[in-house]
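Report on the structure
As a plain string of letters, each chain reads:
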Amino acid sequence: MGKLTSAHAWCNGEVAYVAWAADGPIAGCIGFMVTRVHETGDDAGTKRILPTWIAFTDQSNPDWLEQDSSVWPIQQYQWRDLTLRRSRNTTDVRPIDFKIHYEVVPLGLAGKAEDKLPPSATAPYLDEHGKPRYVGQQKPIFALGPAISTPTIDVSHDFPSGGSIKATFTNGILSTQNLLRQLEDIRGKKPQAVAAGPIDNGKATGILSTLKKHIPVRNDKIRLFLTADVLSFLLHLIDRTEQSATGELYLALYELHDPELIDRLEALVKTGKARVILSTASSADVNPKGAPPPKQPIVWDVENYPARLRLHAANGSNVHDRLFNNDDHIGHNKFAVFVEGGKPKAVMTGSTNWTETGLCTQSNNVILLDDEAIAERYLGFWNDLLADRQPTGVPLTAKAGKKSATGFAANNAVQSDTLRSANAKPKPEVTVAAGSKVEIFFSPNTKEPTKDSDSPTPIDLARVYSLMKHASDAIFFLTFYPGVRGEQNIIGTAADLAKKRPDLLVQGAISNPNALPAPKPGTPTTYKTPTGEVKKLPQPAIWWPDGDDSRVAMIRASAVTLRTGDLRPELLSAGYAIIHDKIIVIDPLHPTNCTVITGSHNLGYKASYQNDENLLIIRGNQALAIAYAVHVLDTYDHYVMRARIEDERRKALIATGKEPVSKSGGFLRLNDQWQSRWFAAGGPPSSRDYFLSK
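Residues numbered from 1 in each chain as written. Predicted model: local features only at pLDDT ≥ 70, side-chain atom pairs only at ≥ 80, totals over all residues. Heavy atoms only, no water.

One pass over the structure, following the stated rule, counts 37 salt bridges. The closest approach of N and O atoms between Glu 66 and Arg 133, which form a salt bridge, is 3.6 Å. In this pair, Glu 66 sits in the loop between strand S5 (51–52) and strand S6 (67–68) while Arg 133 sits in the loop between strand S8 (98–108) and strand S9 (142–143), placing the two residues 67 residues apart along the sequence. Of the residues examined, Glu 66 reaches a relative accessible area of 5% and is grouped as buried. (Salt bridge = Lys/Arg side-chain N within 4 Å of Asp/Glu carboxyl O. Helix = DSSP H or I, 4+ residues; strand = E, 2+ residues; numbered from the N terminus. Buried < 20%, exposed > 50% of the residue type's maximum accessible area, 1.4 Å probe, protein only.)

With 8 of 11 residues buried, helix H11 (residues 490–500) is to be regarded as a mostly interior element. Residues of H11 that are buried include every one of Ile 490, Ile 491, Gly 492, Thr 493, Ala 494, Ala 495, Leu 497 and Ala 498, and no others.

Quick look at the environment of Ala 410 now. Among the secondary structure elements, Ala 410 is positioned in the loop between strand S23 (403–408) and helix H9 (417–424). Residue Ala 410 is classed as exposed on the basis of its relative accessible area, which comes to 54%. When the C-alpha positions of Ala 410 and Gly 393 are compared, they lie 8.6 Å apart, and in sequence the two are 17 residues distant. Beyond its immediate chain neighbours, meaning those up to four positions away, Ala 410 contacts Trp 300 and Asn 325. (Contact = heavy atoms within 4.5 Å.)

Turning our attention to the environment of Asp 417. Here Asp 417 lies in helix H9. In this structure Asp 417 comes out as exposed when scored by relative accessible area, which is 61%. Sequence separation between Asp 417 and Thr 561 is 144 residues, and the spatial gap between their C-alpha atoms is 48 Å.

With that out of the way, let us pick up helix H10 (residues 459–469). Given 3.6 residues per turn, any residue in an α-helix points the same way as the ones three and four places further on. For H10, every residue scored as buried is listed here: Asp 460, Leu 461, Val 464, Tyr 465, Leu 467 and Met 468. Seen end-on, H10 carries its buried residues on one side only, within an arc spanning 160 degrees. (Arc of directions from axis to C-beta.)

This part covers the side chain of Thr 595. Mapped onto the elements, Thr 595 comes out in strand S33 (residues 595–599). Using a relative accessible area of 2% as the deciding quantity, one classes Thr 595 as buried. Here the side chain of Thr 595 touches Asn 593 through a polar contact of 2.9 Å, landing on its backbone oxygen. Leaving out residues up to four positions away in the same chain, Thr 595 has contacts with Leu 467, Ile 584, Val 585, Ile 586, Ile 617, Ile 618, Arg 619 and Ala 625. (Polar contact = N/O pair within 3.5 Å; in protein donor to acceptor, adjacent residues only side chain to side chain.)

Ordered by their spatial adjacency, 7 strands build an open sheet running S12-S21-S20-S19-S13-S14-S17, and the pairing between neighbours is mixed. Sheet topology places strand S12 (165–169) and strand S17 (319–322) at the edges, where each strand pairs with a single neighbour. On average, adjacent strands in this sheet sit at an angle of 15 degrees to one another, irrespective of strand direction. The pairing of strand S19 (residues 334–340) with strand S20 (residues 343–350) spans 5 bridges and is classified as antiparallel. Residue pairing in the sheet places Ala 336 in a bridge with Met 348 of S20. The strands that helix H4 (residues 230–243) touches are S12, strand S13 (247–253), S19, S20 and strand S21 (365–369); relative to S21, the one it contacts most, it runs at about 35 degrees. (Pairing = 2+ DSSP bridges. Axes fitted to C-alpha atoms, helices over the stretch in contact; angles between N-to-C directions.)

A few words now on unusual backbone geometry. Residue Pro 293 is joined to Pro 294 through a cis peptide bond whose omega torsion reads -5 degrees. As for its placement among the helices and strands, Pro 294 is situated in the loop between strand S15 (283–284) and strand S16 (299–300). A cis amide bond links Ser 443 to the next residue, Pro 444, at an omega of 0 degrees. Tracing the backbone shows Pro 444 in the loop between strand S25 (437–443) and H10. Within the chain, Ala 228 stands out as a residue other than glycine whose phi angle is a positive 55 degrees. Position of Ala 228 relative to the elements: it lies in the loop between helix H3 (221–227) and H4. Not every positive phi belongs to a glycine, and Asp 587 is a case in point at roughly 45 degrees. In this structure, Asp 587 sits in the loop between strand S32 (582–586) and S33. Among the residues examined, Asp 587 registers a relative accessible area of 0% and is labelled buried.

On to the sheet that holds strand S1 (residues 4–11), then. Within the open sheet, the 3 strands sit side by side as S1-S2-S7. Their pairing is antiparallel. What marks the edges here is a single partner per strand, and that holds for S1 and strand S7 (78–81). Across this sheet, the average inter-strand angle for adjacent strands is 15 degrees, counted without regard to direction. The pairing of strand S2 (residues 16–22) with S7 spans 4 bridges and is antiparallel. What sits directly across from Val 18, in S7, is Trp 79.

A word on the packing of aromatic side chains. Applying the stated rule across the entire model yields 23 aromatic pairs. Ring centres of Phe 32 and Tyr 77 lie 4.9 Å apart, and the angle between their planes is 70 degrees; this geometry places the pair in the edge-to-face category. Placement of Phe 32 in strand S3 (residues 31–38) and of Tyr 77 in the loop between S6 and S7 is noted, with a sequence separation of 45 residues between them. Judged by relative accessible area, Phe 32 falls into the buried class, the value being 0%. (Phe/Tyr/Trp six-rings, centres within 6.5 Å; stacked < 30°, edge-to-face > 60°.)

Here we take up the packing of helix H8 (residues 372–387) against H9. At a minimum axis separation of 9 Å, H8 and H9 run at an interaxial angle of 165 degrees. Classified by the interaxial angle, the pair formed by H8 and H9 is roughly antiparallel. Crossing angle aside, the handedness with which H8 passes H9 is left-handed. When H8 is examined against H9, the residues Phe 381, Asp 384 and Leu 385 are found in contact with a partner set consisting of Leu 419, Ala 422 and Asn 423. Here the contact of H8 with H9 is composed, by residue class, of 4 nonpolar, 1 polar and 1 charged. (Parallel < 35°, antiparallel > 145°, perpendicular 65-115°, else oblique. Left-handed = near helix turned anticlockwise from the far one by under 90°. Nonpolar A, V, L, I, M, F, W, Y, C, P; charged D, E, K, R; others polar.)

Take the side chain of Arg 308 next. Turning to its location among the elements, Arg 308 is positioned in helix H6 (residues 305–315). Excluding residues within four positions of it along the chain, Arg 308 makes contact with Leu 278, Ser 279, Thr 280, Asp 301, Asp 321, Leu 323 and Phe 408.

Here we come to the packing of H4 against helix H5 (residues 259–270). Where H4 meets H5, the axes come as close as 11 Å, and the angle between the chain directions of the two elements is 15 degrees. In terms of their interaxial angle, H4 and H5 are classed as roughly parallel. Between H4 and H5 lies a crossing of left-handed hand. Taken together, the residues of H5 that come into contact with H4 (itself represented by Leu 231, Leu 234, Leu 235, Ile 238, Asp 239, Thr 241 and Glu 242) are Glu 260, Leu 261, Arg 264, Leu 265 and Leu 268. Grouping the constituent residues of the contact of H4 with H5 by class yields 7 nonpolar, 1 polar and 4 charged.

What follows is the structure, given as structure tokens:
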């Protein structure tokens, strides 16, 4: 009979990843109970059994009410603790900075009387009205062995503790059953338009309209739940600037639309303590589809225009328009430099745009580096951008029928040769507190202003590719849209490495399906309905050329679009971006080779050739690398189940021409055979294998 041999945990300040191992399948095991033990903090001394929502196959959880893993065990040898700081059924958030460990216990349906688990206070069978909280009979559950504990871990934003680098991540994945519950908690009733059945490409209208009412509102519970600690990071440098007699804040922003952030920046600009370079964001075409000439012109900067006017009115001399009103170039930065007494002190960057959607409806990250040398580099780049003058905006309002838009007219703005030349010069790395090595690249950094199929590799991506090729064990990534089909971007490089090196773990998620490598020749793109009508297939959600045996696994962001078991259709997005991170993590458990690559750079040639960008490479900071790797695993694991469902949907449409039909009910098996895949011989490397092997 197999038994548990080890358990470990890792976290990023928001989510914990827990994995455990056994020396063989555990006879009679129907899963595991996992308990979080609080060692310090407000909950010191308490134990919390982790919640689960998936019932057994002879039960159903139609209202998606949580139980504990003592009632519905975890039928995996790994788990993500999404309730590390977030409530299981409300919008409450636990304060940061505490220590925990986990206990893992194997469970069965039979055992000694003394091993029977007692009822859990956090998992009642009956609700407050005396009605069962789920469909089906209660099951007696027994412990099959003693608990095995993980080492203690810190729940913190400091990487490492007491160091000069902090990082945090949004909670902005929308395609969750929990979001429906959060909206119910806020509204006091079940949201509308969430009934079972197919929805239109993730546009669940009732959910989306409700969500959009909450995310722009200061201190709204839904807003704070989704933004996690990212909002507090963005406000931190504003607060620090306000509180310092000699503080100044220099910002280069792509998008500025969030009401709270606009209010705070407006006040800071008005006092002369903030200087903002604000680029063009979004355009609008008011012409009806298919309208004949003459047409109204495209209006540019419609997203930033209202905030731009407010900042100019507050103190126009401290607001600098950097307008790329064309399809070729964007000012894509989202960084801020804190200066005190005339000296750069700290810089904040990452993938998060200063919008309510960037804060609340996308997967994003923010990193804060309290280091004068790094801050000085970024302030130098800010000044280079300021010196790189672009055309003055020409205000424009276009109207067609009932539609109108106000912003700027198109222009042919492009970055200068002077800026490109300055960015093309390699800079020496910076060593920060605790020994981390930091490399900084700015874009555009190429001689030519646009790329083509024969363009040479730019210096920043050449360095990134080199680091990827020298990975020892693992490459994890999250990316928005680095380019198409893996061409001239990190997706193609990752796929090639996985093909050449079977021992290398390559795992990641992509927002836009067009970024996935090209499917195999002959892959269907259409299907035929039973009536003979030819329709377009949903785009592939998974790229693994050898199926389950692939050495590389790339998925796109997906949502449940059909009722599947007890899962209701979900909202996929609130706009264009879903996964908006630009992250690569290399060998996170290696003490010196561990590498985090982040910033605004989309990790493709276009970003280096055509955009204002910044890219950070941080090596030798294991705590930071683990935190970013956990963020990747959290995002990947969330979407991989949904991607599999979408893949099965594609297969059903190809085979039958009809949408698959799923019965309501749970997925948990009533025997121990679910363990077989965890002990199958051979197979590709996995994130669990990697984390447990070190």
